[in-house]
Amino acid sequence: MPLPTEADVRGALEPVIDPELGLSVVDLGLVYGIAISPEGAVHVTFTATAPGCPVTEILAYGIFRAVSALDGVTAVSTELVWEPPWDPSRIAPEALRRLEER
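Residues numbered from 1 in each chain as written. Predicted model: local features only at pLDDT ≥ 70, side-chain atom pairs only at ≥ 80, totals over all residues. Heavy atoms only, no water.

1. What to know about the overall build of the protein
Secondary structure assignment for the protein yields three helices and five strands. Seen in sequence order, the protein has helices and strands lined up from the N terminus as α-β-β-β-β-α-β-α. For 102 residues, the compact-globule formula gives about 13 Å, and the C-alpha radius of gyration of the protein, at 14 Å, lands near that figure. Dimensions of the protein, computed from C-alpha atoms along their principal axes, come out at roughly 45 × 25 × 20 Å. Burial status across the protein gives 41% buried among its 102 residues. Taking the contacts inside the protein whose residues are at least 6 apart along the sequence as the reference set, 67% of them involve residues at least 24 apart. Taken as a whole, the protein presents about 5700 Å² of accessible surface, with 58% of it coming from carbon and sulfur. (Helix = DSSP H or I, 4+ residues; strand = E, 2+ residues; numbered from the N terminus. Rg over C-alpha atoms; globule rule 2.2 N^0.38 Å. Buried < 20%, exposed > 50% of the residue type's maximum accessible area, 1.4 Å probe, protein only. Contact = heavy atoms within 4.5 Å. Areas by Shrake-Rupley, 256 points an atom, 1.4 Å probe, with all protein chains shown as cover.)

2. Considering the packing of helix H1 (residues 6-13) against helix H2 (residues 56-68)
At a minimum axis distance of 9 Å, the contact between H1 and H2 shows a crossing angle of 125°. Judged by the inter-axis angle, H1 sits oblique to H2. With respect to the hand of their crossing, H1 and H2 are arranged in right-handed fashion. Contacts from Val9, Ala12 and Leu13 of H1 reach H2 at Ile63, Ala66 and Val67. (Axes fitted to C-alpha atoms, helices over the stretch in contact; angles between N-to-C directions. Parallel < 35°, antiparallel > 145°, perpendicular 65-115°, else oblique. Left-handed = near helix turned anticlockwise from the far one by under 90°.)

3. Considering the side chain of Asp18
Topologically, Asp18 is positioned in strand E1 (residues 17-18). Take Asp18: its relative accessible area is 0%, and that puts it in the buried class. Separated by 2.8 Å, the side chain of Asp18 and the backbone nitrogen of Glu20 make a polar contact. With sequence-adjacent residues up to four places away left out, Asp18 is seen in contact with Leu23, Leu28, Leu30, Thr49, Val55 and Leu59. (Polar contact = N/O pair within 3.5 Å; in protein donor to acceptor, adjacent residues only side chain to side chain.)

4. Description of the sheet that holds strand E3 (residues 31-36)
The mixed open sheet is built from three strands, whose spatial order is E3-E4-E5. Strands with a single pairing partner mark the edges of an open sheet, and in this sheet they are E3 and strand E5 (75-80). Going across the sheet, the axis of each strand differs from the next one's by a mean of 15°, ignoring polarity. Examined bridge by bridge, strand E4 (residues 41-46) and E5 share six bridges and lie parallel to one another. For Thr45, the partnering residue across the bridge sits in E5 and is Glu79. (Pairing = 2+ DSSP bridges.)

5. Focus: the environment of Glu101
Along the polypeptide, Glu101 turns up in helix H3 (residues 93-101). Considering only alpha carbons, one finds Glu101 and Leu59, 42 residues apart in sequence, at a separation of 24 Å.

This is how it looks when you write it as C-alpha coordinates:
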(Lines give C-alpha, C1' and ligand atoms only; values in the text may rest on other atoms or scores of the structure.)
Protein backbone atom coordinates (compact mmCIF):
# COMPACT_ATOMS: atom_id res chain seq x y z
CA MET A 1 0.00 0.00 0.00
CA PRO A 2 1.45 3.41 -0.92
CA LEU A 3 2.31 5.90 1.78
CA PRO A 4 0.25 9.07 2.13
CA THR A 5 1.92 12.29 1.04
CA GLU A 6 2.07 15.52 3.01
CA ALA A 7 -0.62 16.86 0.65
CA ASP A 8 -2.81 13.84 1.48
CA VAL A 9 -2.42 14.53 5.19
CA ARG A 10 -3.18 18.24 4.79
CA GLY A 11 -6.25 17.35 2.75
CA ALA A 12 -7.42 14.96 5.46
CA LEU A 13 -6.99 17.75 8.03
CA GLU A 14 -9.20 20.24 6.15
CA PRO A 15 -12.39 19.03 7.91
CA VAL A 16 -10.78 19.38 11.37
CA ILE A 17 -12.36 22.58 12.64
CA ASP A 18 -11.23 24.83 15.46
CA PRO A 19 -14.53 25.03 17.37
CA GLU A 20 -13.84 28.53 18.66
CA LEU A 21 -13.26 30.11 15.25
CA GLY A 22 -15.16 27.66 13.04
CA LEU A 23 -12.31 27.33 10.55
CA SER A 24 -10.06 24.45 9.52
CA VAL A 25 -6.82 23.90 11.42
CA VAL A 26 -5.12 24.03 8.01
CA ASP A 27 -6.75 27.35 7.01
CA LEU A 28 -5.87 28.85 10.39
CA GLY A 29 -2.23 27.86 9.95
CA LEU A 30 -2.26 25.74 13.10
CA VAL A 31 -0.47 22.81 11.44
CA TYR A 32 3.24 23.49 11.76
CA GLY A 33 4.65 20.23 10.46
CA ILE A 34 3.90 16.80 9.05
CA ALA A 35 6.41 13.95 9.09
CA ILE A 36 5.75 10.58 7.47
CA SER A 37 8.02 7.64 8.23
CA PRO A 38 8.87 4.95 5.66
CA GLU A 39 6.63 2.61 7.69
CA GLY A 40 3.58 4.91 7.41
CA ALA A 41 3.67 6.53 10.85
CA VAL A 42 2.52 10.14 10.65
CA HIS A 43 3.54 12.81 13.16
CA VAL A 44 1.65 16.11 13.09
CA THR A 45 3.05 19.13 14.91
CA PHE A 46 0.39 21.74 15.62
CA THR A 47 -0.40 24.73 17.77
CA ALA A 48 -3.44 26.55 19.04
CA THR A 49 -4.39 30.19 18.76
CA ALA A 50 -3.32 30.96 22.35
CA PRO A 51 -1.65 29.27 25.31
CA GLY A 52 -4.32 27.96 27.63
CA CYS A 53 -6.65 27.37 24.71
CA PRO A 54 -9.39 25.06 26.02
CA VAL A 55 -9.74 23.06 22.78
CA THR A 56 -6.23 21.67 22.33
CA GLU A 57 -7.31 18.12 23.21
CA ILE A 58 -10.25 18.38 20.80
CA LEU A 59 -7.87 19.51 18.04
CA ALA A 60 -5.40 16.71 18.78
CA TYR A 61 -8.18 14.10 18.70
CA GLY A 62 -9.59 15.51 15.44
CA ILE A 63 -6.13 15.41 13.86
CA PHE A 64 -5.60 11.85 15.07
CA ARG A 65 -8.94 10.64 13.70
CA ALA A 66 -8.60 12.40 10.33
CA VAL A 67 -5.08 11.16 9.65
CA SER A 68 -5.83 7.64 10.93
CA ALA A 69 -8.46 7.29 8.20
CA LEU A 70 -5.91 7.68 5.40
CA ASP A 71 -4.79 4.61 3.48
CA GLY A 72 -1.22 3.61 4.23
CA VAL A 73 -1.13 5.19 7.70
CA THR A 74 0.09 2.75 10.34
CA ALA A 75 0.25 5.11 13.36
CA VAL A 76 -0.52 8.72 14.18
CA SER A 77 1.03 10.97 16.79
CA THR A 78 0.38 14.63 17.50
CA GLU A 79 2.54 17.20 19.21
CA LEU A 80 1.26 20.50 20.54
CA VAL A 81 3.91 23.24 20.39
CA TRP A 82 3.92 26.92 21.31
CA GLU A 83 7.00 28.00 19.34
CA PRO A 84 6.78 29.84 17.12
CA PRO A 85 3.71 31.50 18.61
CA TRP A 86 0.68 31.49 16.35
CA ASP A 87 -0.53 34.83 15.04
CA PRO A 88 -3.30 35.84 12.62
CA SER A 89 -0.83 36.32 9.75
CA ARG A 90 -0.84 32.50 9.43
CA ILE A 91 -4.51 32.44 8.39
CA ALA A 92 -5.07 31.58 4.72
CA PRO A 93 -6.37 34.62 2.76
CA GLU A 94 -9.73 33.00 1.87
CA ALA A 95 -10.30 31.96 5.49
CA LEU A 96 -9.43 35.47 6.64
CA ARG A 97 -12.07 36.88 4.29
CA ARG A 98 -14.65 34.50 5.77
CA LEU A 99 -13.75 35.66 9.27
CA GLU A 100 -14.02 39.30 8.29
CA GLU A 101 -17.47 38.74 6.76
CA ARG A 102 -18.90 37.56 10.07
